[in-house]
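These are the residues of each chain, in order.
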Amino acid sequence: MKGDAPVVLGEPKGYTAQKAGVKRGIAILDFILRLVGFIGTLSSAIMMATTNETLPFFTQFIRFRAEYNDLPTFTSAKNSRIILIIFDTGMLALLTAGSSAGAAIVYLAHRGNTKANWLAICQQFNSFCERISGSLIGSYVGVTVFIVLILLSASALARR
């Protein structure tokens, strides 16, 4: 065993603070891009809903007015509701699958599995287990929200 280097746990080989800074920068850029996308989409929807213009026709007493709801493409909700229900159902399926897989991991972290020789790690990593349990609660809140969205879209479609 002469010349063997000791094994150091925690940092992978070749890990530097510069790589950690790059990963953090990418995460910040990802968040900023999502925020810009959200703000851009919200402002676009507000601008579309508040757009109108009135122009005189022949005389100033006869006028034409144009609003966003004059065009049936912008106000037809039947086709868009069906598409929303389809996409929301797909997202519900993906979110439920992810939440279920997360629940299995959280269970193993809390209880372990003696037959597979997996030890419960929550006694040592208490903060980690609290965060993953909170994340699991948030994902099931998301599942509930998507169920409500699907029911609302279906009821709005049934009323038309």
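Being a predicted model, the structure only gives us computed values, none of them experimental.

Conventions and cut-offs
- Residues numbered from 1 in each chain as written.
- Predicted model: local features only at pLDDT ≥ 70, side-chain atom pairs only at ≥ 80, totals over all residues.
- Heavy atoms only, no water.
- UniProt positions renumbered as here; feature names shortened; annotations may be inferred.
- Helix = DSSP H or I, 4+ residues; strand = E, 2+ residues; numbered from the N terminus.
- Core = buried A, V, L, I, M, F, W, Y, C linked by side-chain atoms within 4.5 Å.
- Buried < 20%, exposed > 50% of the residue type's maximum accessible area, 1.4 Å probe, protein only.
- Contact = heavy atoms within 4.5 Å.
- Patch = residues over 30% accessible without salt bridge, like charges linked within 9 Å, V, L, I, M, F, W, Y side chains within 5 Å.
- Areas by Shrake-Rupley, 256 points an atom, 1.4 Å probe, with all protein chains shown as cover.
- Salt bridge = Lys/Arg side-chain N within 4 Å of Asp/Glu carboxyl O.
- Disulfide = S-S within 2.5 Å.
- Expected span 1.5 Å × (residues − 1).

### Remarks on the UniProt feature "transmembrane region" (unreviewed entry) in the protein
Phase 1: Per the UniProt record, "transmembrane region" (unreviewed entry) is found at residues 31-50, 82-109 and 137-158.
Phase 2: Within the segment residues 82-109, helix and strand shares are 100% and 0% respectively, and the terminal C-alpha atoms sit 40 Å apart.
Phase 3: Note that residues 137-158 is 100% helix and 0% strand, and that its end C-alpha atoms are spaced 32 Å apart.

### A look at the nonpolar core
Phase 1: Counting residues in each nonpolar core, the largest one holds six residues, listed as Val106, Ala109, Cys122, Cys129, Ile132 and Leu136.
Phase 2: For this core, the secondary structure elements donating two or more residues are helix H3 (78-111) and helix H4 (126-159).
Phase 3: In terms of residues, this core owes the most to one element, H4, which gives three residues.
Phase 4: Among all residues touching Cys129, those that are not within four sequence positions of it are Ala109, His110, Ile121 and Cys122.

### Structural notes on a nonpolar patch on the surface
Phase 1: On the surface, Ile28, Phe31, Ile32, Leu35, Val36, Phe38, Ile39, Leu42 and Ile46 cluster together into a nonpolar patch covering about 880 Å² of accessible area.
Phase 2: Assignment of secondary structure puts Phe31 in helix H1 (residues 17-49).

### Focus on unusual backbone geometry
Phase 1: Even without a glycine there, the phi angle at Asn117 is positive, about 65°.
Phase 2: Along the chain, Asn117 turns up in the loop between H3 and H4.

### Some points on the state of the cysteines
Phase 1: Applying the stated rule across the entire model yields one disulfide.
Phase 2: Covalently, Cys122 is tied to Cys129 through a disulfide, its sulfur atoms 1.9 Å apart. Across the S-S bond of Cys122 and Cys129 the torsion is about -95°, and the bridge reads as left-handed. Neither Cys122 nor Cys129 differs from the other in exposure class; each is buried.

### A word on the environment of Ala109
Phase 1: Among the secondary structure elements, Ala109 is positioned in helix H3.
Phase 2: A C-alpha to C-alpha distance of 5.3 Å links Ala109 and Ile121, two positions 12 residues apart in sequence.
Phase 3: Setting aside residues no more than four positions away along its own chain, Ala109 makes contact with Ala120, Ile121, Cys122, Cys129 and Ile132.

### Considerations on the pattern of salt bridges
Phase 1: Counted under the stated rule, the structure contains one salt bridge.
Phase 2: The partner of Asp30 in a salt bridge is Arg34, and the shortest N-O contact between them spans 3.0 Å. Within this pair, Asp30 and its partner Arg34 are both found in helix H1, separated by four residues, close to a single helical turn.
Phase 3: Take Arg34: its relative accessible area is 59%, and that puts it in the exposed class.

### What to know about H4
Phase 1: Between its first and last C-alpha atoms H4 spans 50 Å; for 34 residues at 1.5 Å apiece the expected length is 50 Å, and the two agree.
Phase 2: Here H4 has its buried residues at Cys129, Ile132, Ser133, Leu136, Ser139, Gly142, Val143, Phe146, Ile150, Ser153 and Ala156.

### A closer look at the side chain of Asp88
Phase 1: In this structure, Asp88 sits in helix H3.
Phase 2: On the basis of relative accessibility, which here comes to 13%, the residue Asp88 falls in the buried class.
Phase 3: Beyond its immediate stretch of four places on either side in the chain, Asp88 contacts Phe146, Leu149, Ile150 and Ser153.

### A closer look at the environment of Leu136
Phase 1: Position of Leu136 relative to the elements: it lies in helix H4.
Phase 2: Leu136 gets classed as buried once you look at its relative accessible area, which sits at 16%.
Phase 3: Counting along the chain gives 35 residues from Leu136 to Ala101, while the straight-line C-alpha distance between them is 9.8 Å.
Phase 4: If near-sequence neighbours (up to four positions away) are discounted, Leu136 is found in contact with Ser99, Gly102, Ala103 and Val106.

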